[in-house]
Amino acid sequence: MKFEYKPGRFYTEKDGKVIAKLVFMIGNNVVSINHTFVDPSYRSRGIAGKLMLEIINYAQEHQFMIEPVCTYAKQFFTRTDKYNDLLLK
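Owing to the predicted nature of the structure, the values given are computational and were not obtained by experimental measurement.

**Some details on the overall build of the chain**
Looking only at helices and strands, the chain features two helices and five strands. For the chain, the N- to C-terminal ordering of α and β elements is β-β-β-β-α-β-α. Expected size for 89 residues packed as a compact globule is a radius of gyration near 12 Å; at 13 Å, the chain falls within 12% of this value. With the C-alpha coordinates aligned to their principal axes, the bounding extent of the chain is approximately 40 × 25 × 20 Å. Residue burial in the chain is summarised as follows: out of 89 residues, 38% are buried. In the chain, of all internal contacts separated by at least 6 residues, the share reaching a separation of at least 24 is 38%. Accessible surface, the chain as shown: approximately 5,600 Å² in total, 48% of it carbon and sulfur. In the chain, 13 side chains carry a positive charge and 9 a negative one; their mean positions are 5 Å apart.

Structural data, given as C-alpha cells:
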C-alpha cells in the first residue's frame with residue numbers, strides 16, 4: 001500500500017475517500033503522533049501498522065524523536081522495543 005504525504009499527515013485514498021491516515025505535529029525535533037485512523041471496512045489488514053512504519057521512517061530520515069500521543073501509537077510502541085531509541089523519554 002502506498003501512502004501519500006502532506007505536511008502533518010500520511011494517508012491513502014480509494015475512489016477519492018480517505019481510508020487511512022496518521023496525523024502528526026513536529027516541534028523541537030519531535031514528531032508527536034496525534035491520531036491514527038483506518039476506515040472500518042479496511043481494518044484488520046495491518047494498515048495502521050504500515051502507517052506507523054511510515055512515520056518511523058520519516059522520523060529516522062529527519063533525525064526526529066517520536067512521541068506517541070494517540071492510543072494506537074502508544075499500543076504500537078509498547079508491543080515492541082525495536083524503536084525505543086526513537087521514543088521521547
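**Some points on the side chain of Ser32**
With respect to the helices and strands, Ser32 occurs in strand β4 (residues 30-38). Residue Ser32 is classed as buried on the basis of its relative accessible area, which comes to 14%.

**Comments concerning the layout of surface pockets**
Roughly 150 Å³ of internal volume is contained in the largest pocket. Those elements that provide at least two residues to the lining of the largest pocket are β4 and α1 (47-62). Residues of the lining of the largest pocket, tallied by class, amount to six nonpolar, four polar and two charged.

**Quick notes on the pairing of strand β2 (residues 9-14)**
One ladder, built from three bridges, connects strand β1 (residues 4-6) with β2; its direction is antiparallel. Paired with Lys6 across the bridge in β2 is Arg9. Following β1, the chain reverses through two residues before pairing antiparallel with β2; Gly8 in that reversal takes a positive phi of roughly 90°. In this sheet, strand β3 (residues 17-27) lies alongside β2 in antiparallel orientation, the contact comprising six bridges. Residue pairing for β3: Tyr11 is matched across the bridge by Lys21.

**Brief notes about the packing of α1 against helix α2 (residues 71-78)**
For the pair α1 and α2, interaxial distance at closest approach is 11 Å and the crossing angle is 80°. On the basis of their axis angle, the class for α1 and α2 is roughly perpendicular. Across the interface between the two elements, Ala48, Gly49, Met52, Leu53 and Ile56 of α1 pack against Tyr72, Ala73, Phe76 and Phe77 of α2. Tallied by class, the residues present in the contact of α1 with α2 amount to eight nonpolar, one polar and no charged.

Basis of the calculations
- Residues numbered from 1 in each chain as written.
- Predicted model: local features only at pLDDT ≥ 70, side-chain atom pairs only at ≥ 80, totals over all residues.
- Heavy atoms only, no water.
- Helix = DSSP H or I, 4+ residues; strand = E, 2+ residues; numbered from the N terminus.
- Rg over C-alpha atoms; globule rule 2.2 N^0.38 Å.
- Buried < 20%, exposed > 50% of the residue type's maximum accessible area, 1.4 Å probe, protein only.
- Contact = heavy atoms within 4.5 Å.
- Areas by Shrake-Rupley, 256 points an atom, 1.4 Å probe, with all protein chains shown as cover.
- Lys, Arg positive; Asp, Glu negative; His and termini not counted.
- Charge placed at Lys NZ, Arg CZ, Asp CG, Glu CD.
- 1 Å grid on protein atoms, 1.4 Å probe; cavity = no way out; pocket = protein on both sides within 12 Å on 5 of 7 lines; lining within 4 Å.
- Points joined across faces, edges and corners; volume = space filled by probe spheres on them.
- Nonpolar A, V, L, I, M, F, W, Y, C, P; charged D, E, K, R; others polar.
- Pairing = 2+ DSSP bridges.
- Axes fitted to C-alpha atoms, helices over the stretch in contact; angles between N-to-C directions.
- Parallel < 35°, antiparallel > 145°, perpendicular 65-115°, else oblique.

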